[in-house]
Amino acid sequence: MSSPDPLLPDPLLLDPLLLTPCSMKYFFKLCAVLLPLLLCPALPFAQEHLFPIKNSVSLSTAQKQNIIDYVRALRANKPADQRTAILPELEQLKNPVILFSLDYDGNLLGHARVDHNGRPLSERLKAALSEVSTQVKNSASTKNTPSFVKKIKLFGRPKDALDDFLHIQIIEYSSQSLNDGDGGLFDNRVYEPQVTGLVYQLKDKRAEITPLEAVMHNANAAVSQNYLARLLEVEPKTLAKNQDLKRELYRVIHFGEGLPDGHLTDFHRGLKIFTEDKVTSTEILNRLKLVGEWYAHNIINNEVVYEYFPSTGETRDTNRTMVRSTMAVWVLNKLAFYLNDDVLKNLGKETLHHYLEKYFNMTASLKQGRLYPSMIPTAIKETAYSRYATAGFLVMSILERGELATSQKEVALLMDWLMRFQQKDGTFVTQTPQNQFFTPGQVLLAVSRMYGATKEKKFLEFFDRSFAAYAPEIEAMMTLGNQRYTPYAPAWFTLTFFEMYQLTGDAKYRDGIFKINDRIIKYYELNARDQIYYDTDGMLIPKTGTFGNVSVTAALLESLAAAALTAKTAGDVARTNSYTAVIKKTTAYLMRLQYVPENTYGFKAKDRVIGGVKTDLIDNKTGMDNIGHLTNAFIKIHGAGLLP
């Protein structure tokens, strides 16, 4: 598995002697990423540590708060009182404890793990705090940041933010295993970074990466293994074959002081715990407002940020696509008017104007009375003429703004040009064969929206020619394919059929929606069958055994939301209930992966992160692709009152 973070290249680059000129540029970036980890020394294995540990821990809110209060009192050199003394029942806790100290700006100041060794919990916490305090002092004395570490602009610090934030992880299950190479517990997802910790022991040397460190540094399984090998000063590929290597794998419960005021927060995989029962219409609206905050802080030069890496502060734009860029403009304008947010409305207007000129030379096109798509290629060699679906997204942006009357000429130029790409049989020639289940659906959505806005017959006829071409193919693929198969990118076709069903009531559109979305329900069933951790519930992905791509899951949620509304309109109670049950679970899944203030403790530019959504359960990267379908789905669910 490759690293989800582009600033973590091949681990060989850690060794300056192995650097080549072409890889030198990565070395300095990598130093910036791993420097905080390397400043925290690893603790030796406790001599009395026995495997396995199977002490399942169930701590009440009061007990967790008691542990934090005790450490805080120690930190302040205050004598223990009735509130801060460790509760008697906690003193008997035999589980290893890891204590972390982080500052508001996202720096890990220090951390220490202390195993049982016959000591009560209070003494182990005292020992951990002593070690952490030493590390904090050492880090304070080495504050000079190397010149090659890129400075990241910090946003305003809240007045009620603490000087530092304590996090505690208690190991509830630990097991030592023999080295079985690069496979086994890694390929089979036994080791899941950010929820399980990993220790390498080679003779008298020990190296560890805790789940919290994995969160902060966006480490996947491969990055974790390579990092530990480097700490042991062993070539990663050699270590995989070393029979002397022993590994400890452990699972933790995680709680700590949430941002900004230190309130007790429970975490899983580094994120604030969020369960299905907390999903309400009010919560969906709150999350949409957070999405609005994300857009407000992630538009640069009139374009929505393509990819942003919170762990490093880097923005990457090299893989930007025209279709995704203009889809982001549509979603932004849709959200702006749904929330009635003037800031977002202005940003939506600016981004819309930007792409009308950049991709379609609109000012010059209006003067000439015909559209002149730009022939200037992008960084990935796209031109506007070959990506005609972009015109549809800009038209839908104008419709979201309610500006059809004032932008009739622009819309007419865009739609007349767009509709020329339909062939006589109703199909479209797409940029690549893989686009056949994307581009036609995107084009037809714009056409259906125009039919709804104008009731012009030409749009309905255009739509039905393509429907006649694509609907039988979709049905045939599901008939011939096994029961796990659903056409790729089903959201686009569901949305187009949904628009036309709402406008015409024609049963053929309804039946197409049901055929697609009955299969999507199977994605939930397949992934729910073998859950290990609660946070995978609601994941909708075609391939089981993955970490749940958010963009794919959100697109399928958007499809299900449209299907549930269709079933409700059609009076199909069974389907309405079936779709809605999965919608609630999937909404919770996506909310778990959305950044709220408590989840940003390890990041510097917090305003760039809040409201954004992780790429999957492991990769903390955010960007326009993660958030687009989620926003549309949440608007549809909230607007229709699908969830109470």
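Refer to the structure printed above.
For every chain, the first residue of the written sequence is number 1, and numbering continues from 1 along that sequence. Whole-chain, interface and lining totals are the exception, using all residues; otherwise, since this is a predicted model, local features are given only for residues with pLDDT of at least 70 and side-chain atom pairs are given and counted only at 80 or more. Only heavy atoms go into the side-chain values, all of them from the structure, while hydrogens and water stay out.

1. So, the overall build of the chain
Moving on, step 1. Helical segments are the DSSP runs of H or I of at least four residues, strand segments are the runs of E of at least two, and each set is numbered from the N terminus. When you go through the chain residue by residue, the secondary structure sums to 20 helices and 13 strands.
Moving on, step 2. The 644 residues of the chain split such that 56% are buried.
Moving on, step 3. When contacts within the chain are restricted to residue pairs at least 6 apart in sequence, those whose partners lie at least 24 apart make up 74%.
Moving on, step 4. Accessible surface, the chain: about 27200 Å² in total, of which carbon and sulfur atoms supply 52%. The buried label goes to any residue with under 20% of its type's maximum accessible area, the exposed label to any with over 50%, and the partly exposed label to all in between, with areas taken from a 1.4 Å probe on protein chains only. Between two residues, a contact is recorded if the distance between any of their heavy atoms is within 4.5 Å. In these tables, accessible area is a Shrake-Rupley quantity obtained with a 1.4 Å probe, and a residue counts as shielded only by the protein chains included in the view.

2. Section: the nonpolar core
Most often, soluble globular proteins have nonpolar side chains that are buried together.
Moving on, step 1. What we call a nonpolar core is a set of buried Ala, Val, Leu, Ile, Met, Phe, Trp, Tyr and Cys residues that are connected through their side-chain atoms within 4.5 Å. Among the nonpolar cores identified, the biggest contains 123 residues, and Tyr295, Phe360, Leu414, Met415 and Phe497 are the most heavily contacted of them.
Moving on, step 2. Aside from chain neighbours lying at most four places away, what touches Phe360 is Tyr355, Ser365, Leu371, Tyr372, Pro373, Ser374, Ala384, Thr390, Ala391, Leu394, Leu414 and Trp417.
Moving on, step 3. Residues Tyr70, Val97, Leu121 and Phe255 belong to the second largest nonpolar core, which totals 23 residues.

3. Section: the packing of helix H15 (residues 457-480) against helix H17 (residues 507-528)
Between two packed helices, both the angle of their axes relative to each other and the distance between the axes serve to describe the pair.
Moving on, step 1. Think of each axis as a best-fit line through the C-alpha atoms, taken over the contacting stretch in the case of a helix, with angles from 0 to 180 degrees between the N-to-C directions. Between H15 and H17, whose axes approach to 11 Å, the crossing angle comes to 35°. Pair H15 / H17 crosses with left-handed handedness. Counting all contacts with H15, which are made through Leu460, Phe463, Asp464, Phe467, Ile474, Glu475 and Met478, the residues of H17 involved are Lys508, Tyr509, Lys515, Ile516 and Arg519.
Moving on, step 2. Gly is placed with the polar residues, together with every amino acid not listed as nonpolar (Ala, Val, Leu, Ile, Met, Phe, Trp, Tyr, Cys and Pro) or charged (Asp, Glu, Lys and Arg). Looking at the contact of H15 with H17 residue by residue, the classes come out as seven nonpolar, no polar and five charged. A clockwise turn of the near helix away from the far one marks a right-handed crossing, whereas an anticlockwise turn of less than a right angle marks a left-handed crossing.

4. A closer look at the pairing of strand E3 (residues 164-178)
Moving on, step 1. Pairing between strands requires that DSSP locate at least two bridges from one strand to the other. In this structure, strand E1 (residues 97-103) lies alongside E3, joined through seven bridges in antiparallel fashion. Paired with Leu102 across the strands is Phe165, a residue of E3.
Moving on, step 2. As defined by bridge partners, E3 adjoins strand E6 (residues 245-258) across eleven bridges and the pair is classed as antiparallel. In the sheet register, Tyr173 faces E6, and the bridge partner there is Arg251.

5. Comments concerning the side chain of Arg387
Moving on, step 1. Inspection of the secondary structure puts Arg387 in the loop between helix H11 (362-368) and helix H12 (389-400).
Moving on, step 2. Excluding its chain neighbours within four sequence positions, the residues that come into contact with Arg387 are Met322, Val323, Glu382, Gln431, Asn435 and Thr439.

6. Points about the packing of helix H16 (residues 490-504) against helix H18 (residues 550-570)
Moving on, step 1. Where H16 contacts H18, the axes come no closer than 8 Å and their chain directions differ by 25°. If you check the angle between H16 and H18, you find them roughly parallel. The two elements H16 and H18 cross, and the hand of that crossing is left-handed. Each of Pro490, Ala491, Thr494, Leu495, Phe498, Tyr501 and Gln502 in H16 lies in contact with H18, whose residues at this interface are Ala555, Leu556, Glu558, Ser559, Ala562, Ala563, Leu565, Thr566, Thr569 and Ala570.
Moving on, step 2. Of the residues in the contact of H16 with H18, the class split is eleven nonpolar, five polar and one charged. Roughly parallel means an angle under 35 degrees; roughly antiparallel, over 145; roughly perpendicular, 65 to 115; everything else is oblique.

7. Remarks on the packing of aromatic side chains
Centre-to-centre distance and the angle between the planes together describe a pair of aromatic rings.
Moving on, step 1. Here a Phe, Tyr or Trp ring, Trp counted by its six-membered ring, pairs with any other such ring whose centre lies within 6.5 Å, and the pair is stacked when the planes are under 30 degrees apart, edge-to-face when over 60, and tilted otherwise. Evaluated as defined, the whole model comprises 20 aromatic pairs.
Moving on, step 2. With centroids separated by 6.3 Å and ring planes inclined at 25°, the aromatic side chains of Tyr388 and Phe428 adopt a geometry described as stacked. Separated by 40 residues along the polypeptide, Tyr388 in the loop between H11 and H12 and Phe428 in the loop between helix H13 (408-419) and helix H14 (439-454) bring together distant segments of the chain. Of the two residues, Tyr388 and Phe428, neither departs from the other in class, the shared state being buried.

8. Quick notes on the pattern of salt bridges
Moving on, step 1. Any carboxyl oxygen of Asp or Glu within 4 Å of a side-chain nitrogen of Lys or Arg constitutes a salt bridge here. Counted according to the given criterion, the structure contains 35 salt bridges.
Moving on, step 2. Here Arg113 ties to Glu208 by a salt bridge, and the two come within 3.5 Å at their closest N and O atoms. Taken together, the residues Arg113 in strand E2 (residues 108-114) and Glu208 in strand E5 (residues 205-209) connect sequence positions 95 residues apart.
Moving on, step 3. Judged by its relative accessible area of 7%, Arg113 falls in the buried class.
Moving on, step 4. On the accessibility criterion, Glu208 (10% relative accessible area) is buried.
Moving on, step 5. Of the charged contacts, one joins Arg316 and Glu307 as a salt bridge, the two residues approaching to 2.6 Å between their closest N and O atoms.
Moving on, step 6. For Arg316, a relative accessible area of 25% translates into the label partly exposed.
Moving on, step 7. On the basis of relative accessible area, Glu307 is assigned to the buried category, the value being 11%.
Moving on, step 8. The network of salt bridges with common partners includes Arg113, Asp115, Arg206, Glu208 and Glu248.

9. Description of the environment of His268
Moving on, step 1. Looking at where His268 falls in the secondary structure, it is placed in strand E7 (residues 263-268).
Moving on, step 2. The residues contacting His268, other than those within four sequence positions of it, are Val195, Ile273, Tyr533, Tyr534 and Asp535.

10. Structural notes on the side chain of Asn435
Moving on, step 1. Structurally, Asn435 is set in the loop between H13 and H14.
Moving on, step 2. Note on Asn435: relative accessible area 13%, which makes it buried.
Moving on, step 3. Ignoring anything within four residues of it in the chain, the contact list for Asn435 reads Arg387, Thr430 and Pro440.

11. Focus on the pairing of E7
Moving on, step 1. In terms of strand pairing, E6 meets E7 through five bridges, oriented antiparallel. Paired with Gly256 across the bridge in E7 is Thr265.
Moving on, step 2. What sits between E6 and E7 in their antiparallel hairpin is a turn of four residues, with Gly262 showing a positive phi close to 85°.
Moving on, step 3. Sheet topology places E7 next to strand E8 (residues 271-272); two bridges connect them, and they run antiparallel. Pairing of His268 across the sheet is with Leu271, part of E8.

12. Points about the sheet that holds strand E12 (residues 314-316)
Moving on, step 1. Taken in spatial order, the three strands make up an open sheet running E12-E11-E13, and their pairing is antiparallel. Of all strands in the sheet, those bounded by a partner on one side alone are E12 and strand E13 (622-623).
Moving on, step 2. Bridging between strand E11 (residues 307-309) and E12 involves three bridges; their strand directions are antiparallel. Pairing of Glu307 across the sheet is with Arg316, part of E12.

13. A short note on helix H9 (residues 322-339)
Moving on, step 1. Expected span, for any helix, means 1.5 Å times one less than how many residues it has. Compared with an ideal rise of 1.5 Å per residue, which puts 18 residues at 26 Å, H9 spans 26 Å between its outermost C-alpha atoms and is within 8% of the ideal.
Moving on, step 2. Taking burial as the measure, the 18 residues of H9 include 15 buried ones, the bulk of the element.
Moving on, step 3. For H9, the side-chain oxygen to backbone nitrogen distance between the N-cap and Arg324 is 3.2 Å, and the N-cap itself is Thr321.
Moving on, step 4. Two residues or fewer past H9, Asn340 is found with a positive phi of approximately 55°. Definition of a polar contact: a pair of N or O atoms within 3.5 Å, with one able to donate and the other able to accept a hydrogen when the atoms are protein atoms, and with sequence-neighbouring residues admitted only if both atoms are side-chain atoms.

14. Digging into the environment of Lys455
Moving on, step 1. If you trace the backbone, Lys455 turns up in the loop between H14 and H15.
Moving on, step 2. A residue is classified by how much of its surface remains accessible, and Lys455, at 51% relative accessible area, is exposed.
Moving on, step 3. For the pair Lys455 and Leu503, spaced 48 residues apart in the sequence, the C-alpha separation amounts to 9.3 Å.
Moving on, step 4. Sequence-distant contacts of Lys455, defined by excluding residues within four places in its chain, comprise Met450 and Leu503.

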